[in-house]
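# Inside the fold
Listed below are the residues making up each chain.
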Amino acid sequence: MGRADDRRARQRGGRRAAPPARSSVATAPQPGPAEAEPTVIGGRAAARRAAQGKGRGKAGRGKGKDGRSFIRRMFTWKKIVGGFFGVCLLGMGAFIALYMMIDIPKGNADATLQSNVYKYSDGSLMTRDGERNREIVDLAKVPKKVQLTFVAAENKTFYKDAGVDLKGTARGLFNTLSGKGAQGGSTITQQYVKNFYLTQNQTVTRKLKELVISLKLDRTKSKDYILAGYINTSYYGRGAYGIQAAAQAYYRKDADELSVQQGAYLAALLQAPSQYDWAVASDTGKALVKARWNYVLDNMVEEGWLDKTKRAEMKFPVPQAPKAAPGMGGQTGYLVDAANNQLAKQLVAQGTADNLNDALTMVKAGGWTITLNIDKKKQKALEAAAKSQLTSKLDPKKRSVDADVQAGAVSVNPKTGAVVALYGGQDYYKHYRSNATRTDYQPASTFKPVILAAALDEDAQTQTGKPITANTMYDGTSKRQVVDNGTKVGFAPENEDDQNYGNITVQTAMNKSVNSVFAQMGVDVGMDKVLKVASQLGMDTADLKSVPAQTLGTMGASPWQMAGVYATLDNHGKKVTPTIIKSVESSQHQVNLPNPIGDQVISREAADSVTSVLTGVVDDGTAKVSVADNSNRDGRKVAGKTGTSDENRSAWFTGYTPDLVTSVGLFGESKKNGAQVSMYKAGGFPRVNGGGFPAQIWAAYTFGVSATGVKFDLDTTQGAAVQPSYTPSQTPSQSATQSPSQTPTQTPTQTPTQTPTQTPTQTPTQTPTQTPTQTPTQTPTGGIEDPLNPNSDQ
C-alpha cells in the first residue's frame with residue numbers, strides 16, 4: 001500500500017472513530033466489545049473534521065465544544081452560588097425600595113369606629129349608641145397582669161422582637177401563594193397593623209405591607225402604644241370590639257376591674273371568638289378554650305409574670321350569659337339627646353368645633369364616654385310619677401283630646417346644678433321630640449316670680465312711689481287698665497274666670513295668680529329690667545320685645561329652662577345652669593365642663609324673699625290641694641308656682657324643696673300634625689290647670705325622693721311667707737276695708753334690707769351660659785307683640 005493509500009486509510013479511520021481532543025495527536029480509547037481495532041488519529045485537520053462531524057451527528061446534538069450538555073454548562077456551582085447571591089441582592093434591593101415607598105398610613109375607618117357609652121351618675125351602664133360596639137381605653141386603665149395575658153397568648157417575645165416574625169411571615173406568604181389559606185405566626189405588632197392599618201385580605205401585597213409597616217411601627221412607637229392598639233381594635237365576639245366592650249359583654253365590668261383569670265379568657269378568645277364564647281360553645285369548643293386559657297397562664301408562669309402558687313389556685317372564670325345592650329326606648333333616648341346636645345354646645349363654646357352641626361357630627365362619630373348626672377332612683381321615681389298621675393289616667397279611646405297631652409319634666413339639684421332626673425315623654429320611639437327641653441310653649445304664670453324677683457332686686461316702686469314688697473297693695477280687678485305715669489298703656493289683662501279681687505297684697509296676688517296685679521307690677525319695674533333679670537336667672541330673652549304682655553309669660557320656655565330659673569332662686573340668687581353631664585372622656589378631644597354654679601345674679605335678699613312668697617302659693621294658693629295637703633308631704637318645706645296658659649295649651653307646676661327643684665309641664669300637641677292645641681276636658685276635667693296633673697306629678701315624685709326635715713335658710717325679714725287674710729268669697733266692695741289694716745304694719749319692714757345687696761349683683765356676664773339649655777324656636781301662642789292680648793293664666 002502506497003503513501004496515498006495509507007493516508008486515505010488513516011483519514012477514513014479518523015472520521016469513523018476519532019475522539020475529540022485538544023492536541024493534534026491522541027491515542028484512541030481502548031476498544032470495547034463492539035470495536036474491531038484501535039485507530040490512531042492525528043493532524044489538526046482530521047481532528048477538526050472529526051469534531052465537526054460529531055456536532056452534526058445525532059449523538060452530538062446539545063453539547064458544546066467541551067462535550068458538556070447545555071444544562072451542565074448553565075448550572076455550574078459557580079453560577080448557582082452567583083445566582084443565589086444575585087437574587088438575595090435583588091430581594092434586598094426590592095425590600096429597601098418597598099421600605100422607602102411604604103409609609104405608615106392612617107387607621108382604616110372600620111378600625112377607628114367606636115360607640116358612645118352613656119352611664120348613670122353611679123357609673124353603671126345606661127346605653128351605647130354607635131355603629132361599632134367599641135370603647136377605646138388607655139392602656140393604663142388595664143391592669144398590668146391583664147395586659148400580659150395577651151402577650152402570653154399571642155407573642156411571648158413581644159417586648160424583645162423587632163415587630164415581625166420572619167419565619168411566620170415567610171410561612172404565611174408560602175401558604176398564600178400555594179392556596180393553603182391563612183396561617184398563624186404573626187406578632188402582636190403585625191396583628192395590630194393588620195387590624196388598624198390594613199385589611200383582613202389574604203394577599204401577598206397585604207402581607208408585604210404588613211411586614212414593612214410593622215418594622216416601621218416598632219421603630220417609631222413604644223410597645224405600650226402597640227399593645228394598647230392591639231387590645232382596643234381586636235374582635236372578641238358578642239359584637240364587642242376592644243377590651244372595654246369585651247369586659248362589659250362577658251363580665252359586666254369595666255376593663256380596669258378585670259382579674260387575671262378573666263383577662264386570660266379574653267386573650268384566649270381572640271384565637272376563635274365565636275367558637276370559644278362559653279355561652280354558645282360546643283363541648284369541644286369549651287375544652288379548647290379551657291386549654292387555651294391554661295396555655296396563657298402557664299406561659300405567664302414560664303415568663304416569670306405570674307406566681308406559680310397563685311396560678312395553681314386560679315379557677316376558670318365562666319363568663320356571664322349574653323345580654324343585649326340597653327336601647328334608646330323609654331326615657332333613654334331623651335337622656336342621650338340631652339347629653340349629646342349639651343356636649344356639642346360645649347365643643348362650640350370652647351372652640352373645638354365651629355358650629356353646632358359640626359359639633360354634633362363630632363359627637364355622633366363615637367368614642368365618647370359620657371357619665372350623666374342622672375340618678376337611677378330619682379329617674380325611676382319620676383317616670384313612675386308621670387305614669388301613675390297622668391298617663392294611666394288618659395284614655396284616648398274615651399276622649400280624643402287625651403291623645404294630644406304631652407308631659408315633660410326636669411329635676412335639678414340646686415346646690416350642684418346636676419339634672420338628676422328627666423322625663424321627655426311617654427316613649428322616645430313614640431314621641432321623638434323631648435318635652436323636657438322644647439321651648440315652644442308658654443310658661444304662663446310660672447313667670448310671675450321672675451317679675452317679683454326683678455322688682456325686689458331693682459328696688460322698684462309702685463306708681464305712687466311705694467317700694468314693691470310682698471305686702472305692697474295692688475288693685476286686683478280683672479281687665480283693669482295698666483298705667484304708666486298716669487297714662488294707660490292699652491293693656492288690660494283678664495284674670496282667670498274674670499275674677500275680681502279688689503285691693504290685695506302681692507303675696508295674695510301670687511297665691512291666687514292674679515294677672516292684673518303682675519301686669520301692673522311689670523310696668524312699674526320696667527319690662528326691659530324684667531327681661532334682663534329673666535335672662536340672668538336662666539331664660540332666653542334675647543329676641544323678646546319689652547311689652548306688658550310678657551308679664552303673662554307669653555314667651556316660650558322649657559321645663560329645663562324653668563327648673564334652672566327656680567334653682568337659682570333656691571340657691572339664694574347664685575346662678576344655676578342645669579347640666580346633665582357629669583364627666584366626659586374621649587381619646588381624641590379634651591372637654592372642659594364649665595361650673596354649673598355661677599355668680600350672684602340677683603341679691604340673696606331678693607331671691608329668698610321670692611322663695612318665701614312662693615311657700616304661700618303652696619300653703620294657701622293654687623297648689624294647696626295637690627301639694628300642701630298631700631298625705632306624703634311629711635312636713636317638707638315647699639315653694640312653687642302653678643301656671644296655665646292661654647286657651648289651656650300648657651299647664652305647669654314648678655316647685656322646690658331646699659334640696660330639689662323640679663319643673664313639670666303639660667303641653668297640648670295635636671297627635672295628627674303636631675300643632676299646639678287646647679287640653680280642655682283632657683282626663684275628664686273641664687280644664688287642665690297647673691294645680692292639677694302637673695302638681696300631682698311633682699308631689700308624687702318629690703315627696704318620694706327629697707329629704708325630710710330640711711328647712712329653707714332664708715335671709716329675709718318676711719319670714720316663712722305672709723299668710724293672706726283675703727278669701728275668694730269676698731267681693732271687690734270689701735277691698736276698702738283691707739287697705740288700712742295691711743299697708744301700715746307690713747310695708748316698712750321690707751324696704752331697708754333690700755337696697756345694699758342688689759346693685760353689685762346685676763352683671764351681664766351670665767348671658768353666654770344660657771345657650772346650652774335654650775333654643776330660639778319660640779312660637780308663643782299669645783301674640784307677644786300685641787299688648788292687648790289677654791291671657792287667662794293660673
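Residue positions are counted from 1 within each chain, in the order its sequence is given. Reporting of local features is limited, given that this is a predicted model, to residues whose pLDDT is at least 70; pairs of side-chain atoms are given and counted only at 80 or more, and all residues count toward the totals for whole chains, interfaces and linings. Water and hydrogen atoms were dropped before computing side-chain values, which therefore reflect all heavy atoms in the structure.

### Digging into the overall build of the protein
Scanning the protein for helices and strands turns up 27 helices and 17 strands. Here a residue-residue contact requires only that any non-hydrogen atoms of the pair lie within 4.5 Å. Within the protein, contacts between residues separated by at least 24 positions form 72% of all contacts whose residues are at least 6 apart in sequence. Each accessible area is a Shrake-Rupley estimate made with a 1.4 Å probe; only the visible protein chains count as cover when residues are assessed. Taken as a whole, the protein presents about 36,200 Å² of accessible surface, with 53% of it coming from carbon and sulfur. Put simply, DSSP H or I for four residues or longer makes a helix, DSSP E for two residues or longer makes a strand, and each gets a number counted from the N terminus.

### Regarding the sheet that holds strand β15 (residues 639–644)
Two strands qualify as a pair provided DSSP detects at least 2 bridges between them. Taken in spatial order, the five strands make up an open sheet running β7-β6-β17-β16-β15, and their pairing is antiparallel. Each of the sheet's edge strands pairs with one partner strand only, and the pair in question is β7 (419–423) and β15. Pairs of neighbouring strands in the sheet enclose a mean axial angle of 5°, with direction left out of account. Alignment of strand β16 (residues 650–657) against strand β17 (residues 660–668), held across eight bridges, turns out to be antiparallel. The partner of Gly 655 across the bridge, within β17, is Thr 662. Lines fitted to C-alpha atoms define the axes, with helix axes restricted to the stretch in contact, and inter-axis angles between N-to-C directions lie between 0 and 180 degrees. Packing against the sheet, helix α24 (residues 604–620) makes contact with β15 and β16, and its axis sits at approximately 65° to β15.

### A closer look at the pairing of β16
The side chains of a regular strand alternate between both faces of the sheet. Along β16, eight of the eight residues are buried, which leaves the element largely enclosed by surrounding structure. Judged by which residues are buried, β16 turns out to be covered on both faces: Ser 650, Trp 652, Thr 654 and Tyr 656 on one side and Ala 651, Phe 653, Gly 655 and Thr 657 on the other are all buried. In the sheet, β15 pairs with β16 via six bridges, with the strands oriented antiparallel. The residue bridging Gly 640 from the neighbouring strand is Gly 655, located in β16. Once β15 ends, the chain turns through five residues before running back antiparallel as β16, passing Glu 647 with a positive phi of about 60°. Between β16 and β17, which pair antiparallel one after the other, the connecting turn spans two residues. Whether a residue is buried, partly exposed or exposed follows from its accessible area with a 1.4 Å probe, protein chains only, as a fraction of its type maximum: under 20%, in between, or over 50%, in that order.

### Regarding the nonpolar core
Residues Leu 422, Met 521 and Ile 580 are the most contacted members of the largest nonpolar core, which totals 86 residues. Setting aside residues no more than four positions away along its own chain, Ile 580 makes contact with Leu 335, Ala 338, Ala 339, Gln 342, Thr 371, Leu 372, Asn 373, Ile 374, Val 419, Leu 422 and Trp 560. The next biggest cluster of nonpolar side chains, apart from the first, holds 54 residues, and it includes Val 146, Val 193, Ala 246 and Tyr 276. Residues belong to one nonpolar core when they are buried, are Ala, Val, Leu, Ile, Met, Phe, Trp, Tyr or Cys, and are joined through side-chain atoms within 4.5 Å.

### Description of helix α10 (residues 223–233)
In terms of burial, α10 is largely enclosed, as nine of its eleven residues are buried. Listed as buried for α10 are Lys 223, Ile 226, Leu 227, Ala 228, Gly 229, Tyr 230, Ile 231, Asn 232 and Thr 233.

### Some remarks on the packing of aromatic side chains
Aromatic contacts are taken between Phe, Tyr and Trp rings whose centres are within 6.5 Å, Trp giving its six-membered ring; a plane angle under 30 degrees counts as stacked, one over 60 as edge-to-face, and the others as tilted. Under the definition given, this model contains 18 aromatic pairs. Here Tyr 334 and Tyr 428 contribute two aromatic rings whose centre-to-centre distance is 5.4 Å and whose plane-to-plane angle is 85°, an arrangement assigned as edge-to-face. Taken together, the positions of Tyr 334 in helix α16 (residues 332–349) and Tyr 428 in the loop between β7 and α19 (448–457) put the pair 94 residues apart, joining distant regions of the chain. The pair formed by Tyr 334 and Tyr 428 is uniform in burial state, with each residue classed as buried. Taken together, Tyr 250, Tyr 251, Tyr 265, Trp 278, Trp 293 and Phe 316 form an aromatic cluster joined through their ring pairs.

### Notes on the side chain of Asp 337
By the element assignment, Asp 337 lies in helix α16. Charge assignment: positive for Lys and Arg, negative for Asp and Glu; neither His nor the chain ends contribute. By definition here, a salt bridge exists when the distance from a side-chain nitrogen of Lys or Arg to a carboxyl oxygen of Asp or Glu is within 4 Å. The side chain of Asp 337 sits in the buried core without any salt bridge; Lys 364 is the nearest counter-charge, 4.7 Å away. Every residue in contact with Asp 337, bar those within four places of it in the chain, is listed here: Tyr 428 and Tyr 432.

### Observations regarding the packing of α16 against helix α17 (residues 356–364)
Contact geometry for α16 and α17: axes closest at 8 Å, N-to-C directions at 120°. Between α16 and α17, the angle is such that the two are oblique. Pair α16 / α17 crosses with right-handed handedness. Side by side, α16 and α17 meet where Asn 340, Asn 341, Leu 343, Ala 344, Lys 345, Leu 347 and Val 348 of the first sit next to Leu 356, Ala 359, Leu 360, Met 362, Val 363 and Lys 364 of the second. The scheme is simple: roughly parallel for angles under 35 degrees, roughly antiparallel for over 145, roughly perpendicular for 65 to 115, oblique for anything else. Should the near helix be turned counterclockwise from the far one by less than a right angle, the crossing is left-handed, whereas a clockwise turn marks it as right-handed.

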